[in-house]
Amino acid sequence: MSVIDKKTVEHIANLARLYLTEDEKEEMTVSLNKILDFEQQLAEIDTENVKPMAQAVPLENVMREDKVKGSLSIREVFLNAPDEAEGFFKVPRIIEKD
Amino acid sequence: MELINKSALELHDLLDKKEITSREIVEAYIKRIEALEPKLNSFVTLTLEQALEDADKADEMIKNKTSTTFTGIPIAIKDNMCTYHVKTTCSSKMLQDFKPPYDATVIAKIKKAGMPILGKTNMDEFAMGSSTETSFFGPSKNPWDLERVPGGSSGGSAAAVAAKQAPLALGSDTGGSIRQPAALTGVVGLKPTYGLVSRYGLIAFASSLDQIGPFTRDVADSAALLNMLAGYDPKDTTSLPNKRSDYLQALGKEIRGLRVGLPREFFGEGLDKEVEKAVLKAIDALATEGAQIVEIDLPYSKKALAAYYLIATAEASSNLARLDGVRYGHRSENQKDSVTMFKHSRAEGFGPEVKRRIMLGTYALSAGFYDAYYLKALKVRTLIKNDFDAAFKKVDVIVTPTTPSVAFKFGEKVLDPLAMYLSDVYTTTANLAGIPAMSMPAGLTKEKLPIGVQIIAPALAEEIMLNTAYTLEKAIGTIGLPTLEV
């Protein structure tokens, strides 16, 4: 059973900010369909009135005192930056010129 | 005296009695690592010089009487735990040059204890895989048979401990990534209760499932290392603020009357006959020790794998969104505009399995499919948890096979993602329920490949779980370690 087509794969890849080659799109359509086919077994389970469980710990809204503490130095943080300028991460232009 | 044959606690005794030094231990391991690494590829990065320096510092600590149990005993670390200024790659091209500006909490504990770190171990890329075959740096080999996988994702850590390249290692377990490789390489691997060990500085795969845990050669070492790792950490908001237990102290108690659950669903179709036989033999051994064997049902465990692969990938798609080539990690040369740069950085930085899981997770969370996939999986997760809650009213621990089969050959499953996912069929339930589980050797097949038996316990019942394992280890004996030509 085919759940998704190439167009859906392209849409999802865009949402995931992932460039895929044509070959990858083909492969992804096949393998994702196979996995989603396996996932159909979930649809058969009656989950009426079952609450979803997003995590296993009984903790909620963990708060801490608003105290000033040390953090990473700017120098340390930029050691891994692919590109930087004057204390900022440098990226290609985001806002178009008019 | 062959130092590499000793358990960590045995080494501690020898250090304590001043019969050996930490430097001697580390030198012995360096020799072993250098001899075997070309064959095994257990490590991504070796930090041997630093380990020798740390050994000398540890010897000072022992002299000054400021040492603790693991002072001077070396360890290997899975390459998804942040180590200050030491490459932490997640076995991915994306992070191949990433040097964290801080230590994970577990690493800070290891350094404070004076444990020399031998290196960072190989893994499936971003912990996504069950064989280390998705590693950007090539797979690790199973020390029992170099043509077979060591399991994954923490395959490098498992191989290193089995091959005596390290007495101890850390791994992380999201759906079986400690227990499955431990089973396939014949060592002890433990996934603690969710929240027992801090995740701060563990590069996240699926945050609600990930836990760090020990790889060791025996159960006592596992208990002792868990003593060091466990504990509340304010830097991890999912860390449990419970009182600490002494897991080593829990070992050796009689198990007379212990109720051991045998879930029918874990002994059905797909289970290798030799694995089944060895696990049933282990259960018999527990009965001989006085345990009461109770057949139980975990009906929704059959659906766990399907729920797991949606929940884990959904969380992964969100966690891995940070890897966009902006602040750290690989950045593409293709920088026409920011979005193009993101897309190409991610396309070039991630391997095929990581891309597939990001896609699956994004799909499960996307508008129109969220209810049918992600939300549905979360509801099934509740049913799986309810199964365990009901079972643990009748039994104290549950014993199952760790994996449906022993170590498979390279290439056997890597082209069929679903076949690979099925090797996690018995392990994902514990992650979904947030409960502890461990794998230990139950014997060898005719082909001399290790078989793992899994012990599952209620949340925070690691003491009972470890004592059951300890009793079993005493009863059935160890399988030894592989004989490798150096």
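Since the model is a prediction, treat every value here as computed from it, not as a measurement.

About the thresholds
- Residues numbered from 1 in each chain as written.
- Chains lettered and ligands numbered in written order.
- Predicted model: local features only at pLDDT ≥ 70, side-chain atom pairs only at ≥ 80, totals over all residues.
- Heavy atoms only, no water.
- Helix = DSSP H or I, 4+ residues; strand = E, 2+ residues; numbered from the N terminus.
- Buried < 20%, exposed > 50% of the residue type's maximum accessible area, 1.4 Å probe, protein only.
- Areas by Shrake-Rupley, 256 points an atom, 1.4 Å probe, with all protein chains shown as cover.
- Lys, Arg positive; Asp, Glu negative; His and termini not counted.
- Charge placed at Lys NZ, Arg CZ, Asp CG, Glu CD.
- Rg over C-alpha atoms; globule rule 2.2 N^0.38 Å.
- Pairing = 2+ DSSP bridges.
- Axes fitted to C-alpha atoms, helices over the stretch in contact; angles between N-to-C directions.
- Contact = heavy atoms within 4.5 Å.
- Salt bridge = Lys/Arg side-chain N within 4 Å of Asp/Glu carboxyl O.
- Polar contact = N/O pair within 3.5 Å; in protein donor to acceptor, adjacent residues only side chain to side chain.

Describing the overall build of chain B
So, point 1. Across its full length, chain B holds 15 helices and 11 strands.
So, point 2. Within chain B, buried positions represent 67% of all 486 residues.
So, point 3. Roughly 16,600 Å² of accessible area belongs to chain B as shown, and the carbon and sulfur atoms make up 51% of that amount.
So, point 4. If you average the places of the 57 positive and of the 58 negative side-chain charges in chain B, the two averages end up 3 Å apart.

A word on the overall build of chain A
So, point 1. Secondary structure summary: chain A contains three helices and two strands in total.
So, point 2. Sequence-ordered secondary structure for chain A, helices as α and strands as β, is α-α-α-β-β.
So, point 3. The C-alpha radius of gyration computed for chain A amounts to 23 Å, which surpasses the reference 13 Å derived for 98 residues by more than 25%, pointing to a less compact arrangement than a globule.
So, point 4. Dimensions of chain A, computed from the C-alpha atoms along their principal axes, are close to 55 × 45 × 30 Å.

So, the sheet that holds strand E7 (residues 259-263) of chain B
Residue and element names in this part refer to chain B.
So, point 1. The 11 strands are arranged E1-E3-E2-E4-E6-E5-E10-E11-E9-E7-E8 in an open sheet whose pairing can be described as mixed. Each edge of the sheet is formed by a strand with only one pairing partner; in this case those strands are strand E1 (43-46) and strand E8 (292-296). Across the sheet, the axes of successive neighbouring strands diverge by a mean angle of 30°, strand direction being ignored.
So, point 2. Alignment of E7 against E8, held across five bridges, turns out to be parallel. When the sheet's bridge partners are listed, valine 260 is paired in E8 with isoleucine 293.
So, point 3. Those strands touched by helix H15 (residues 462-476) are strand E5 (188-191), strand E9 (397-401), strand E10 (437-444) and strand E11 (450-456), and its axis lies near 10° from that of E10.

Remarks on the interface of chain A and chain B
So, point 1. Chain A puts 55 residues into the contact, and the matching count from chain B is 66 residues.
So, point 2. At the junction of chain A and chain B, the tally comes to three salt bridges.
So, point 3. The partner of glutamate 27 of chain A in a salt bridge is arginine 356 of chain B, and the shortest N-O contact between them spans 2.9 Å.
So, point 4. In this assembly, chain A and chain B are joined by 21 residue pairs in polar contact (both at pLDDT 80 or more).
So, point 5. When contributions to the side of chain A that touches chain B are tallied by element, the ones reaching two or more residues are helix H1 (6-15) and helix H2 (22-43) of chain A.

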